[in-house]
Amino acid sequence: MRTMAGLVLSKLLTRPDMPKALTSFIEWTHEVLSSTVDDVVSHFRFIGVVEALAAVFKAGGRKVLLDVVPTIWNDVSVLIKSGTAARSPLLRKNLVKLTQRIGLTCLPHRSPTWRYVGRTSSLGENISLNASNKNDQLNHGVVLENSKSEENSNYLQDEDMDVPEIVEEIIDVLLSGLRDTDTVVRWSAAKGVGRVTSRLTSALSEEVLSSVLELFTPGEGDGSWHGGCLALAELARRGLLLPASLPKVVPVVVKALHYDVRRGPHSVGSHVRDAAAYVCWAFGRAYYRTDMRNVLEQLAPHLLSVACYDREVNCRRAAAAAFQENVGRQGNYPHGIDIVNTADYFSLSSRVNSYIHVAVCIAQYKGYLHPFVDELLQSKICHWDKGLRELAAEALAALVRYDAAYFADFVLEKLIPFTLSSDLCTRHGATLAAGELVLALHQCGYDIPSDKQKKVSGIVPAIEKARLYRGKGGEIMRAAVSRFIECISFSRLPLPEKVKRSLVDTLNENLRHPNTQIQIAAVKALKHFVQAYLVATDNKGTIGITSKYLLLLKDSNVAVRRGSAMALGVLPYELLANQWRDVIMKLCSSCAIEDNPEDRDAEARVNAVKGLVSVCETLTQARENPDFHSGEDDMSLFHLIKNEVMVSLFKALDDYSVDNRGDVGSWVREAAMEGLEKCTYILCKRGSMSSTTTRKSEMLESVSKQPNSNVNEENQMCSFFDTNLATSLVGGIAKQAVEKMDKLREVAAKVLQRILYHDEISVPFIPYREKIEEIIPNETDLKWGVPTFSYPRFVQLLQLSCYSKQVLSGLVISIGGLQDSLRKASLSAFLDYLHVDEDFNKESKVCKLSTDILWILQEYKRCDRVIIPTLKTIEILFSSKIFLDMEAHTSIFCAGVLDSLAVELKGSKDFSKFYAGIAILGYICSVSDPVNSRAFSHLLTFLSHRYPKIRKVAAEQVYLVLLQNGSLVSEEKTDKALEIISETCWDGDLETAKVMKVQLYEIAGLDVGQVKTTEKVPKMDDKKSAAADENESYASLVESSGF
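The structure presented is a predicted model; accordingly, all values stated were derived computationally and were not measured. (Residues numbered from 1 in each chain as written. Predicted model: local features only at pLDDT ≥ 70, side-chain atom pairs only at ≥ 80, totals over all residues. Heavy atoms only, no water.)

(A) Spotlight on the overall build of the protein. Of the regular secondary structure elements, the protein holds 53 helices and 2 strands. By the burial criterion, 53% of the 1043 residues in the protein qualify as buried. Pairs at least 24 apart in sequence give 71% of the contacts found in the protein among residues at least 6 apart. Summed over its atoms, the accessible surface of the protein is roughly 47900 Å², and 51% of this surface lies on carbon and sulfur atoms. (Helix = DSSP H or I, 4+ residues; strand = E, 2+ residues; numbered from the N terminus. Buried < 20%, exposed > 50% of the residue type's maximum accessible area, 1.4 Å probe, protein only. Contact = heavy atoms within 4.5 Å. Areas by Shrake-Rupley, 256 points an atom, 1.4 Å probe, with all protein chains shown as cover.)

(B) Quick peek at helix 33 (residues 580–591). For helix 33, which comprises 12 residues, the first-to-last C-alpha distance of 17 Å matches the rise-based estimate of 16 Å (1.5 Å per residue) to within 8%. All buried positions along helix 33 are accounted for by Trp580, Val583, Ile584, Leu587, Cys588, Ser590 and Cys591. One side of helix 33 holds all its buried residues, which, seen down the axis, span an arc of 160 degrees. (Expected span 1.5 Å × (residues − 1). Arc of directions from axis to C-beta.)

(C) A look at the packing of aromatic side chains. Scanning the model with the defined rule gives 25 aromatic pairs in all. Ring geometry for Trp225 and Tyr259: centres 4.9 Å apart, planes at 35 degrees, overall tilted. Of the two residues, Trp225 is situated in helix 14 (residues 222–237) and Tyr259 in the loop between helix 15 (246–257) and strand 1 (261–263); the sequence distance between them amounts to 34 residues. Side by side, Trp225 and Tyr259 carry an identical accessibility label, which is buried. By way of ring pairs, the aromatic residues Tyr309, Tyr355, Tyr368 and Phe372 are connected into one cluster. Positioned above the aromatic ring of Trp580, the side-chain terminus of Arg623 is 5.4 Å from the ring centre. It is Lys949 that lies over the ring of Phe911; its NZ or CZ is 5.2 Å from the centre. (Phe/Tyr/Trp six-rings, centres within 6.5 Å; stacked < 30°, edge-to-face > 60°. Lys NZ or Arg CZ within 6 Å of the ring centre and 35° of its normal.)

(D) Examining the packing of helix 23 (residues 404–418) against helix 24 (residues 424–443) more closely. It is the contact of helix 23 with helix 24, at a shortest axis distance of 9 Å, that shows an interaxial angle of 155 degrees. Taken together, the axes of helix 23 and helix 24 lie roughly antiparallel to each other. Regarding helix 23 and helix 24, the two cross each other, and that crossing is left-handed. Contacts between helix 23 and helix 24 pair Ala404, Phe407, Ala408, Val411, Leu412, Leu415 and Phe418 from the former with Thr426, Arg427, Ala430, Ala433, Ala434, Leu437 and Leu441 from the latter. (Axes fitted to C-alpha atoms, helices over the stretch in contact; angles between N-to-C directions. Parallel < 35°, antiparallel > 145°, perpendicular 65-115°, else oblique. Left-handed = near helix turned anticlockwise from the far one by under 90°.)

(E) Summary view of the side chain of Thr84. Checked against the element boundaries, Thr84 lands in helix 6 (residues 83–87). Leaving out residues up to four positions away in the same chain, Thr84 has contacts with Asp38, His43, Phe46 and Leu91.

(F) Focus on the state of the cysteines. Per the counting criterion, the structure on display carries 0 disulfides. With no disulfide of its own, Cys308 lies 9.3 Å from the sulfur of Cys361, the closest cysteine sulfur. The thiol of Cys588 is unpaired, and the distance to the nearest cysteine sulfur, on Cys591, comes to 6.0 Å. (Disulfide = S-S within 2.5 Å.)

(G) Up close: the environment of Leu79. Looking at the element boundaries, Leu79 is found in helix 5 (residues 69–79). Residues within four places of Leu79 in sequence aside, it is in contact with Leu33, Val50, Ala85 and Leu95.

(H) Region of the structure containing a negative patch on the surface. Together, Glu165, Glu168, Glu169, Asp172 and Glu207 give the surface a local cluster of negative charge. It is helix 11 (residues 165–177) that provides the largest number of residues to the negative patch, a total of 4 residues. (Patch = residues over 30% accessible without salt bridge, like charges linked within 9 Å, V, L, I, M, F, W, Y side chains within 5 Å. Salt bridge = Lys/Arg side-chain N within 4 Å of Asp/Glu carboxyl O. Lys, Arg positive; Asp, Glu negative; His and termini not counted. Charge placed at Lys NZ, Arg CZ, Asp CG, Glu CD.)

(I) Structural view of the pattern of salt bridges. Under the definition given, this model contains 44 salt bridges. Here Asp659 and Arg661 are joined by a salt bridge, their closest N and O atoms 2.8 Å apart. Here Asp659 falls in the partly exposed class, since its relative accessible area comes to 29%. With a closest N to O distance of 2.2 Å, Arg934 and Asp899 form a salt bridge. Residue Arg934 is found in helix 49 (residues 931–941), and its partner Asp899 is found in helix 47 (residues 888–904); the two are separated by 35 residues along the sequence. Residue class for Arg934 comes out partly exposed when judged on its relative accessible area of 39%. A single salt-bridge network, built from bridges that share partners, covers Arg562, Asp601, Glu603, Asp659 and Arg661.

(J) Fine view of the packing of helix 29 (residues 516–535) against helix 31 (residues 558–570). It is the contact of helix 29 with helix 31, at a shortest axis distance of 9 Å, that shows an interaxial angle of 30 degrees. The orientation of helix 29 with respect to helix 31, classified from their angle, is roughly parallel. Helix 31 is crossed by helix 29, and the crossing has right-handed handedness. The residues of helix 31 that touch helix 29, namely those facing Thr516, Gln519, Ile520, Val523, Leu526 and Lys527, are Ala559, Arg562, Gly563, Met566, Ala567 and Val570.

(K) Region of interest: the confidence of the model for the protein. Mean pLDDT for the protein: 87, with 88% of residues reaching 70 or above. Confidence, expressed as mean pLDDT per element, reaches its minimum in the protein at helix 10 (residues 148–160) with 43 and its maximum at helix 20 (residues 351–363) with 97. For the stretch residues 1010–1032, pLDDT sits under 50, and the model shows 24 contacts to residues farther than four places along the chain or on other chains. (pLDDT = per-residue confidence, 0-100.)

(L) Just helix 16 (residues 270–286), in detail. Look at helix 16: 24 Å from first C-alpha to last across 17 residues, which is about the 24 Å you get at 1.5 Å a residue. Taken residue by residue, helix 16 has Val272, Arg273, Ala275, Ala276, Ala277, Val279, Cys280, Ala282, Phe283, Gly284 and Ala286 as its buried positions. Of the surrounding elements, those touching the buried residues of helix 16 are helix 14, helix 15, helix 17 (289–309) and helix 18 (313–330).

(M) Layout of the side chain of Thr197. Summarising the element assignment, Thr197 is placed in helix 12 (residues 183–197). In contact with Thr197, other than residues within four places in its own chain, are Trp114, Ser205, Val208, Leu235 and Leu240.

(N) Up close: unusual backbone geometry. Backbone geometry at Arg492 places phi at a positive 55 degrees, although glycine is not the residue there. Note that Arg492 resides in the loop between helix 27 (474–491) and helix 28 (497–511). Located in the positive-phi region is Phe765, a residue other than glycine, with phi close to 60 degrees. With respect to the secondary-structure elements, Phe765 resides in the loop between helix 40 (742–756) and helix 41 (769–775). With a relative accessible area of 1%, Phe765 lands in the buried category.

(O) Inspection of a nonpolar patch on the surface at higher detail. On the surface, Tyr959, Leu960 and Leu963 cluster together into a nonpolar patch covering about 270 Å² of accessible area. Relative to the helices and strands, Leu963 resides in helix 50 (residues 948–964).

(P) Representation of the environment of His226 in the model. As for its placement among the helices and strands, His226 is situated in helix 14. Taking the C-alpha atoms as reference, His226 lies 9.0 Å from Phe216; in sequence the two are 10 residues apart. Not counting chain neighbours up to four residues away, the residues in contact with His226 comprise Thr183, Arg186, His271, Val272 and Ala275.

Here it is, written out as structure tokens:
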């Protein structure tokens, strides 16, 4: 609104017939700008007035406005230094804009003859110039007059030009604006510098340029560098930066391209680098190729260094755009088109792609390799961003292929001292880079000189001697050292025995570290170090390594247990050959949940599962070697895998440990599923090798029709993988595929998919294989993690008796869980499955389902994790009339549920379990005798429960039961019973509730003593009142419920 008002005023007040109105307006603005009031209203009035004045000076004539300049300038010069302007970037921006327009008003409009004209703006003029062979004129840098006499006269005219004194003050204000803290102010000031300079003499323009270049001194802040770059770009665009000045401008622009100042844990300078790229872009558009040839040769390596290696994507793209502009406008630049095609807008969007692929492709061209290496060594290896240092080390190694000798002689020599730098970032990046370089030189087939090898081998001992693992940054250095050891192990760098022992100790220390990333890095290094320096050389240091890690599996420090389990998993066959049985057995015991609650650690069990599977793979792969003579020892290994390893992994599938991080047992279950898959392949591959008389098609046919088929029993007996194992495998993984975690469902489904359709190994003896393959097709991109997709498929396994119990035990957790969307999807799929065969097969499905539910209630007795959702599922199914019309089987099922409720609700403090149990008792009360009487009797016991809320819920349920079922109480006593229930305050006094309960027992004709065992009321001190005990019990309920 202010902008529009100012624009309209400027058009009105600058009309020839409005001089009095303009004078009146200027007087009013003088009053406003000279006001000392500092509030919100005056602040916005300042902005509006300044904006309107700027519009007036843009639209008005010079003769009219010259008279009011002194008044306005006095007010502006005072206001721009005030605290009001310091607090408002918008006000400062408008003041700078007004300042430059005052300066333009003070200077006569002229087109300076000294200005550089790079091209004509008219297409017709360009064509006429080409037709008249005037290209020679265009190829010169500056379009001056043809005769030197005219040139000299023009310069004399420039020198004789009268420049008002106020202009010097205006230029000072604009130069100060280039230092402003806000970008909008600096941008406005830069444009002002360009516009004012275009009306000055050549000598004064040189002074302005010198003042702008002073902004690039080291003492200036990032705002000054940014404003200076914007000003240089404006001068270049307007032809005010002559080619003669480029030699002193280009070095400044190069420094700005690499401007990055560390401030605490981060750095500033991305806006400066972006603006410097804009300057280079402006150079490409402003100058001819003859003037830019040398400049582009200087700028190109730096532009491409920024385009490939800058941390910020906008800077990478800006530098690439500047290079593209110069290549396109300056003519034939060596390999310019190829580089532009490689470093395009999209390829530079990924930092990893820029470092590893784009830069490597560009470095093959002459003149770029050494600038790239210098950029990485000077700026990126010591960068504050840890991820960038790691990426820079990889990028440096990727360039080795172009000049291995240079990297070995110069770069590596420069990096080694940096590994002991006092700056954490520098020594971390140098350690990583040194390791990556050694590995890259080895991969290129270049032999490092012996003196360099000695220096490289001493890097880690020197770091340890300097105690650089301690204090801030110690963890970062440990991970870097582990990676360094991994790299020199890959390259088989010769090491003295003392250094080998030192590196082993270093890796062992890192394995004990609580940081998981450090442990992972140490395990990767240990895997290659042992193979390269201990096994390959028959080193005596291998003695006792395996035993040491086995002892550490039982260490009280959880970090030590995690690291030792991971270490055992990467040991080579030579170190496992003599103790493989102990290794497998102890890893199996480490997979189980620890007996002592204080020692329990999910990560240690995850590492034990992964280590166990890795050990099995290592042992079996070594025995596949033709040179290995298999015998009884070989057979015992596979029997151990079948009887111990598989059993331990199946137990790990039941790890549902929970801590303050949530379901940490899910990590163990995920690792166990992947481990079961790998061990299945091991057993099946061995079985196929040992059983050459059995054809694959016969094995599949023997189990596809009936799971208990006796055909091929001999093959199963001699096989390491049989029907029972296949059934447990598919059932256990299918259970995970219907539970509540999306990630685990997806992992389980994909594991089953790979087992069914493995390209090389056929897994035999899977019951109902064809049906399972219909449920899990061999297709990619299936959304197994989406509940609405996965549940309708996996609930079909409920019709297969060998899998139904395990699948249902997982399904009830989803149906009875707390997550509403998951509950709806799983319940909908479950009910759809039950109602598919409405007339033909529904009763048999329901009977089988009831049997499986009773099995779950017995199998998971007193396990609230399963029992509570199972009870909720039963309640939901009762509400859908699922189990109430099974004729004789209904009574059997209800009796089993009542037996389970008697156990589960006794002494429980979980309200959700009580609520589901009471609702189930209410549904069972509606079936025929004698089950309903037993359920009603059990329901009445809760009327005197110690928790008031339970008594109230039970009373509501009893009331509903009496209304719906008249057979429990005689008709003449029903009204009396309903009256007692409705008029009693069940969540009030406990003694009153007990009295009313006894009356209801008498009305129902039940014996009070026969059901006292279903509730356990704690003994009360005679001195304590009932109300006090009741309050304590209720507080106990609230506390146990988590409120």
